[in-house]
Amino acid sequence: MSAPPACTVIVPTYNRVALLRHTLDALVRQRLEPGDGFEVVVVDDGSTDATAELAASYRDRLDLRYFFQEDEGYRVAAARNVGIAAARAEVCVLVDSGVVLHSGALAAHLAAHRAAAGPVAVTGYVFCFNEGNEDGELIAKAIDHADPDASIAAFAAEGRWLDLRETYYARYGEDLGALTAPWLMWWTCNVSANTAQLREVDAFDEAYRAWGAEDVDLGYRLHTAGARFVLRRDASSLHVPHEKSYSGNMAAAAANYRYFAAKYATPVAQLVPDHHFEEIEDILRSRGLAPGRPSALFGTAVRGVEPEQAR
């Protein structure tokens, strides 16, 4: 009987066969420690393209299982829950289709979990993530899909298309475990968590049926359950550009943030609908709800779409 995998990579997808191919190609290239293996769970949220055939074509190179759920609207939370329920490993790595992992990314996720005394929630690094597909054509031309590690190294050296959260890290530092609300930066394009703890906190809330906040909600519950949040820059990745609507996403997120605030009704949850994520730690400090003084940047970050515009 073969040993269980060291981690389960969960990839939800919907009619993104070209993007999914990039993600699976990067998984084929992963370099893990001797004796470690991993499995891939692709969960299809009702695609009508060739997603099933593409997933099947990788079974000779990856330990891959494919699940399909009927198209009943946006159900990425439910799709990820299928993956968490099916996971055979102690660690789940959550990535989106179109995210290209560095060849050492899974090893870095696993190292973070193994170095911790208790459960951790790991935030990986994501180059090229954009909110409105800005620079999309330039990014698409610059990514070398034959050698994504080289693209990651080049973008890092040149300071191009860095992770959107760099301004957050510059403001508060990279020790996420010292922050009161580190779950605000736990975005499921490239993160990991302990499988047992994900199940204990009931995984993703499937009431989220539009873009945004389902990962923040789960991160909040992981934090409440005692997970320590960790940033791993070496768990790096590229976010391949695709068409998206910034205003549409922000409108959906605004409604989800209000649901989140009503669901938990805590002082920090109440801040989420109306404040930029980068401001919340400073607001908590200014009100004596978090240790430390507000940063020098307090008051400089504004929500991209004001809540009243999005309603």
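On a predicted model such as this, the values are computed, not experimentally measured, just so you know.

J.: Which residues make up the sheet that holds strand S3 (residues 64-68), and what are the values?
T.: Read across the sheet, 8 strands follow the order S3-S2-S1-S4-S7-S6-S8-S5 without closing on themselves; strand pairing throughout is mixed. In the strand order of this sheet, the two ends are held by S3 and strand S5 (99-101), each with one partner. The mean inter-strand angle of the sheet, taken between neighbouring strand axes irrespective of direction, is 30 degrees. Sheet analysis places strand S2 (residues 38-44) next to S3, joined by 5 bridges and oriented parallel. Bridge pairing in S3 links valine 40 to leucine 64. The sheet contacts of helix H3 (residues 76-86) involve strand S1 (7-13), S2 and S3, and relative to S1 the element is tilted by about 155 degrees.

J.: Give me the packing of aromatic side chains: which residues, what numbers.
T.: Per the counting criterion, the structure on display carries 12 aromatic pairs. Chaining the aromatic ring pairs together yields one cluster made of Trp183, Tyr220, Phe260 and Tyr264. Between arginine 61 and the ring centre of tyrosine 58, over which it is positioned, the NZ or CZ distance is 4.1 Å.

J.: Please provide a residue-by-residue account of the layout of surface pockets, values included.
T.: Computed from the structure, the largest pocket encloses a volume of approximately 1200 Å³. Around the largest pocket sit 46 residues that line it, and Asp96, Phe129, Trp211, Gly212 and Asn249 are the ones nearest its centre. Going through the elements one at a time, S1, H3, helix H9 (214-224), helix H10 (246-264) and helix H12 (277-286) are the ones with two or more residues in the lining of the largest pocket. At 4 residues, the largest contribution of residues to the lining of the largest pocket is made by H10. Classifying every residue of the lining of the largest pocket by side-chain character gives 19 nonpolar, 14 polar and 13 charged. In this structure, the second largest pocket spans a volume of roughly 220 Å³. Together, 14 residues line the second largest pocket, and Ala6, Glu90, Val91, His113 and Arg114 are the ones closest to its centre. Grouping the amino acids of the lining of the second largest pocket by side-chain chemistry returns 8 nonpolar, 3 polar and 3 charged.

Analysis parameters
Residues numbered from 1 in each chain as written. Predicted model: local features only at pLDDT ≥ 70, side-chain atom pairs only at ≥ 80, totals over all residues. Heavy atoms only, no water. Pairing = 2+ DSSP bridges. Helix = DSSP H or I, 4+ residues; strand = E, 2+ residues; numbered from the N terminus. Axes fitted to C-alpha atoms, helices over the stretch in contact; angles between N-to-C directions. Contact = heavy atoms within 4.5 Å. Phe/Tyr/Trp six-rings, centres within 6.5 Å; stacked < 30°, edge-to-face > 60°. Lys NZ or Arg CZ within 6 Å of the ring centre and 35° of its normal. 1 Å grid on protein atoms, 1.4 Å probe; cavity = no way out; pocket = protein on both sides within 12 Å on 5 of 7 lines; lining within 4 Å. Points joined across faces, edges and corners; volume = space filled by probe spheres on them. Nonpolar A, V, L, I, M, F, W, Y, C, P; charged D, E, K, R; others polar.

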